[in-house]
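Structure at a glance
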Amino acid sequence: MTGPVVVGIDDFEHSDHLIAAAAQEAGTRLSRTLWLAHAYHGFAPPAQETGLTPEETVRAAALAHLAALAEQVQLRHPELRVETAAVTGPPAPALAKLAGSAALLVVGGRGRGGLAGQLLGSVSLRVLARADCPVLVVRGDQDEPAGRVMVGVDIDDLNGSATGPEVLEFAFDEAQRRDADLYAFYAWEDPSVLYAYGSQVFMNEQREAALERGRERLAAALYPWQQLCPEVKVASEVLAGLPAKLLVEATRMADVVVIGGRVRRDDQEGMRVGAIAHTVLHHAACPVAIVPEH
């Protein structure tokens, strides 16, 4: 957690909310360092008599934009060390490479041409597929903080928690740094939601038994971290239904939701994000932190 916070800026004109979230994250970390990064590529502006090549012209424009933003951020957050980085190439691999030693990579949660506030942009999805550090996808527009960090926990019926310790460590650390409560959430996929079979009494008994197992295993997964971070107030809940729907609804009550992404095992960089996590990324009402699970 000692590296910088890197924020990837795609749209200079609409980056205030993104940079504010990144600055908040940087301000609570040991390094107190924020990198403003922009990946430039593609088209050069019309030729001008500057003596610069088209690539040099694009780079100069990017650096000028970044310098102006850095000056504004430094005035608002004098406690931070603000640096800039203009890198060439497609945004996703360029940002992922730049953030190789970062504590956190922050990206926007909407595409330029998509439905504003609804669907995650393709650049952010590609960053997740390449990043080796935690990635914060900035979504939502809450005016007042909820004082709550939410962590989505997966439970394996045979082995207890299927969520990696990296995810719970990040969630407890995030709650501690924000001086917020932690809300641990497990959504059990209730088969009776999808299929109508058996007697209602039998289904209710099975549901209650599954929920009780979930509560016990969720409590067991949280216990070691509660001992390490006793100052963090923890609440937990297990609900039955459609996990993606339940998780998205719960994000309305949080400042950030933390979920895991499986590190690729095929000698490739980045994370694999499951179907439920994809739904949360597209529709969450608050920022989403994806933490690599090894």
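Residues numbered from 1 in each chain as written. Predicted model: local features only at pLDDT ≥ 70, side-chain atom pairs only at ≥ 80, totals over all residues. Heavy atoms only, no water.

Within an unreviewed UniProt entry, the label attached to the chain reads Universal stress protein, and the organism entered is Catenulispora yoronensis. If you open the UniProt record of the chain and go to Sequence similarities (unreviewed entry), you find "Belongs to the universal stress protein A family." (UniProt positions renumbered as here; feature names shortened; annotations may be inferred.)

1. Focus: the confidence of the model for the chain
For the chain, per-residue confidence averages 86 on the pLDDT scale, and residues scoring 70 or more make up 85% of the total. Per-element averaging of pLDDT across the chain places helix 6 (residues 191-194) at the bottom with 60 and strand 6 (residues 148-152) at the top with 97. With pLDDT under 50 throughout, residues 112-119 is counted as low confidence; its partners more than four residues away or in other chains account for 14 contacts. (pLDDT = per-residue confidence, 0-100. Helix = DSSP H or I, 4+ residues; strand = E, 2+ residues; numbered from the N terminus. Contact = heavy atoms within 4.5 Å.)

2. Section: helix 8 (residues 243-250)
Along helix 8, six of the eight residues are buried, which leaves the element largely enclosed by surrounding structure. Taken together, the buried positions of helix 8 are Pro243, Ala244, Leu246, Leu247, Val248 and Ala250. (Buried < 20%, exposed > 50% of the residue type's maximum accessible area, 1.4 Å probe, protein only.)

3. Quick look at the nonpolar core
A general trend in soluble globular proteins is that nonpolar side chains are found buried together. Ranked by internal contacts, the top residues of the largest apolar core, which has 54 residues, are Leu34, Leu36, Val106, Val151 and Val258. Setting aside residues no more than four positions away along its own chain, valine 258 makes contact with Val149, Met150, Val151, Gly152, Val167, Phe170, Ala171, Ala289 and Val291. Counting residues in each nonpolar core, the second largest holds 35 residues, with Ala254, Ala277, Ala284 and Ile290 among its members. (Core = buried A, V, L, I, M, F, W, Y, C linked by side-chain atoms within 4.5 Å.)

4. Concerning the environment of glycine 3
Note on placement: glycine 3 falls in the segment before strand 1 (5-8). For glycine 3, a relative accessible area of 13% corresponds to the buried category. Discounting chain neighbours no more than four positions away, the residues touching glycine 3 are Ser31, Ser101 and Ala103.

5. Points about helix 3 (residues 91-98)
Along helix 3, the positions that sit buried rather than exposed are Pro91, Ala92, Ala94, Leu95 and Ala96. Looking at the buried residues of helix 3, the elements they touch are strand 1, strand 2 (33-40), strand 3 (81-88), strand 4 (104-108) and helix 4 (122-128).

6. Brief notes about the packing of helix 8 against helix 9 (residues 275-283)
Relative to each other, helix 8 and helix 9 sit at 35 degrees, their axes nearing to 9 Å. Crossing hand, helix 8 versus helix 9: right-handed. Where helix 8 approaches helix 9, its residues Pro243, Ala244, Leu247 and Val248 are matched on the opposing element by Ile276, Thr279, Val280 and His283. (Axes fitted to C-alpha atoms, helices over the stretch in contact; angles between N-to-C directions. Left-handed = near helix turned anticlockwise from the far one by under 90°.)

7. Comments concerning the side chain of aspartate 255
With respect to the secondary-structure elements, aspartate 255 resides in the loop between helix 8 and strand 11 (256-263). For the buried aspartate 255, no salt bridge exists, and the shortest N-O distance to an oppositely charged side chain is 4.7 Å, to arginine 178. In this structure the side chain of aspartate 255 is engaged in a polar contact, spanning 2.7 Å, whose partner is the backbone nitrogen of glycine 147. Not counting the four nearest positions on each side in its chain, aspartate 255 is found in contact with Pro145, Ala146, Gly147, Arg148, Arg178, Cys286 and Pro287. (Lys, Arg positive; Asp, Glu negative; His and termini not counted. Salt bridge = Lys/Arg side-chain N within 4 Å of Asp/Glu carboxyl O. Polar contact = N/O pair within 3.5 Å; in protein donor to acceptor, adjacent residues only side chain to side chain.)

8. Section: the packing of aromatic side chains
For any two aromatic rings, the description comes down to two numbers: the centre-to-centre distance and the angle of the planes. With the rule as written, the count across this model stands at one aromatic pair. Taking the ring centre of tyrosine 183 as reference, the NZ or CZ of arginine 148 above it sits at 4.5 Å. (Phe/Tyr/Trp six-rings, centres within 6.5 Å; stacked < 30°, edge-to-face > 60°. Lys NZ or Arg CZ within 6 Å of the ring centre and 35° of its normal.)

9. Notes on the pattern of salt bridges
In this structure the tally under the stated criterion is eleven salt bridges. Put simply, arginine 29 and glutamate 25 hold a salt bridge, and the shortest N to O gap is 2.6 Å. Each member of the pair, arginine 29 as well as glutamate 25, carries the same accessibility label: buried. Through salt bridges with shared partners, a single ionic network connects Glu25, Arg29, Asp173, Glu174, Arg177 and Arg178.

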